[in-house]
Amino acid sequence: MNRTVIVTGASKGIGAATAILFAQKGYNVVINYNESFESASLLCRSLVSNGYSVITQKANVANRLEVDLMVKETLYKFGSLDILVNNAGIAFSGLITDTDEVDFDRIIDVNLKGVYNCCKSVVPSMVSRQSGKIINISSMWGQVGASCEVAYSAAKAGVIGLTKALAKELAPSGITVNAIAPGLIETNMNSNLSIEELTDFVSTIPLGRMGSADEIAAAIEFLSSDKADYITGQVLGINGGFVI
Ligand code: NAP
């Protein structure tokens, strides 16, 4: 039977690249989205028309009930759930004095509570099968902190703590939990940066360029594969040498 993966936030960027790679590798893929119905549907249609096993599921990862429903529907449709990729995320930049409580809560709710929600909903079925792989997308800012990104850095650091704790909790059940901490990756998330800001940033990256969504997807697929069976509780930095 084909293995099944849920990729949260797969309507674009890193999530979309990951969904495409998993589909090409023969997995049943659930493309989760929240707002971008059009892009999620377009991606799903193009993969299905190429013969791949893909569906879309709308769910706001910050909402427990919606996440639970998404997981139940996935299990109903595909019979099992082997891999969860917690990729959905949003960014927020601003001085702490300009970061309202509502902004802080929103960033934590999507980027950190969203990971908790999805893990909580998938774990029972993985535990009952004594196997599963969870990959959480953190950020290098969760490792070293970004100036003017207090909420985002805190949420992404929280994802790393959650990853390590859950890895210890689930190892006896044959489930691995790892995190990826990307650096500057070429997606919509950085579309607010001007050419000058991007050029300045890139000049500080030892490998001298931005990363691509495909490079993150390849690492996610590796950590989901049998080749990574003995890896758990780790944080894989993919940042062109920016954080060493
Ligand atoms: P992106 O292109 O902006 O895509 C973000 C994705 O997250 C979209 O598919 C979006 O779906 C989804 N999303 C946002 N809020 C959601 C919610 N409440 N529920 C479900 N889905 C939601 O960003 P990206 O660069 O691919 O980012 C993917 C992950 O990598 C994020 O966790 C981000 O923090 C992390 N990351 C990115 C970079 C970078 O430089 N790009 C660096 C480090 C870490 P909808 O549009 O459908 O809502």
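These numbers were taken from a predicted model, which means no experiment stands behind them. Think of each chain on its own: its residues are numbered from 1, step by step along the sequence as written. With the structure being a predicted model, the display of local features is reserved for residues of pLDDT at least 70 and the display and counting of side-chain atom pairs for 80 or more, all residues being used for whole-chain, interface and lining totals. Excluding hydrogens and water, the side-chain values take into account all heavy atoms of the structure.

Colleague: How would you sum up the environment of Thr97? Please name residues and give values.
Modeller: Within the secondary structure, Thr97 sits in the loop between strand S4 (83-86) and helix H4 (101-129). Residue classification places Thr97 among the exposed positions, given a relative accessible area of 67%. Through-space distance from the C-alpha of Thr97 to that of Ala23 is 44 Å; in sequence the pair is 74 residues apart. Numbering goes from the N terminus for both helices and strands, where a helix is a DSSP run of H or I of at least four residues and a strand is a run of E of at least two. Exposure categories follow from relative accessible area, calculated using a 1.4 Å probe and restricted to protein chains: below 20% of the type maximum is buried, above 50% is exposed, and the middle band is partly exposed.

Colleague: Describe the nonpolar core, with residues and values.
Modeller: By size, the foremost hydrophobic cluster in this structure holds 32 residues, and its most contacted members are Val5, Phe22, Val29, Ile31, Ile180 and Ile220. The biggest single contributor to this core is helix H1 (residues 13-24), with 7 residues. Residues count as neighbours in contact if any of their non-hydrogen atoms are within 4.5 Å of one another. In this structure, Ile220 is in contact with Ile14, Thr18, Phe22, Val85, Ile135, Ile137 and Ile180, ignoring residues within four places of it in sequence. Core analysis: the next-biggest nonpolar cluster, separate from the first, contains 28 residues, Leu81, Cys118, Met126 and Leu162 among them. For this analysis, a nonpolar core means a set of buried residues of the types Ala, Val, Leu, Ile, Met, Phe, Trp, Tyr and Cys, connected via side-chain atoms within 4.5 Å.

Colleague: Break down the sheet that holds strand S5 (residues 132-137) for me, with residues and values.
Modeller: Should DSSP find at least two bridges between two strands, the strands are taken to pair. Taken together, the 7 strands give an open sheet; going across it, the order is S3-S2-S1-S4-S5-S6-S7, and neighbouring strands pair in parallel fashion. What marks the edges here is a single partner per strand, and that holds for strand S3 (54-58) and strand S7 (235-238). Taken over all neighbouring pairs, the strand axes of this sheet differ in orientation by 20° on average, direction set aside. Alignment of strand S1 (residues 4-7) against S4, held across 3 bridges, turns out to be parallel. Counterpart to Val7 in the pairing with S4 is Val85. For helices, the fitted line uses only the C-alpha atoms of the stretch in contact; every axis is such a line through C-alpha atoms, and the angle between N-to-C directions lies from 0 to 180 degrees. On top of the sheet, H1 reaches S1, strand S2 (28-33), S3 and S4; it is set at about 170° to S1, its chief contact. Running at roughly 165° to S3, helix H2 (residues 37-49) makes contact with S2 and S3 of the sheet.

Colleague: With reference to specific residues and values, describe the packing of aromatic side chains.
Modeller: Centres within 6.5 Å make a pair out of two Phe, Tyr or Trp rings, where for Trp the six-membered ring is used; the pair is then stacked when the planes are under 30 degrees apart, edge-to-face when over 60, and tilted otherwise. Scanning the model with the defined rule gives 5 aromatic pairs in all. Judged by centre distance (4.7 Å) and plane angle (80°), the rings of Phe22 and Tyr27 are edge-to-face. On the basis of relative accessibility, which here comes to 8%, the residue Tyr27 falls in the buried class. Through successive ring pairs, a cluster of aromatic residues spans Trp141, Phe201 and Phe242.

Colleague: Mind laying out the pattern of salt bridges, listing which residues take part and the relevant values?
Modeller: We define a salt bridge as a side-chain nitrogen of Lys or Arg found within 4 Å of a carboxyl oxygen belonging to Asp or Glu. Within this structure, the stated rule accounts for 7 salt bridges. Among the ionic pairs, Arg106 bridges to Asp103, the shortest N-O distance being 3.6 Å. Here the residue Arg106 and the residue Asp103 both occupy positions in helix H4, the gap between them amounting to 3 residues, near one helical turn. The buried category is assigned to Asp103, whose relative accessible area is 13%. Salt-bridge contacts for Arg209 lead to Glu215; the nearest nitrogen and oxygen are separated by 2.8 Å. Accessibility expressed as a relative area gives 33% for Glu215, which makes it partly exposed. Overlapping salt bridges, with partners in common, bring together Arg64, Asp68 and Lys72 in one network.

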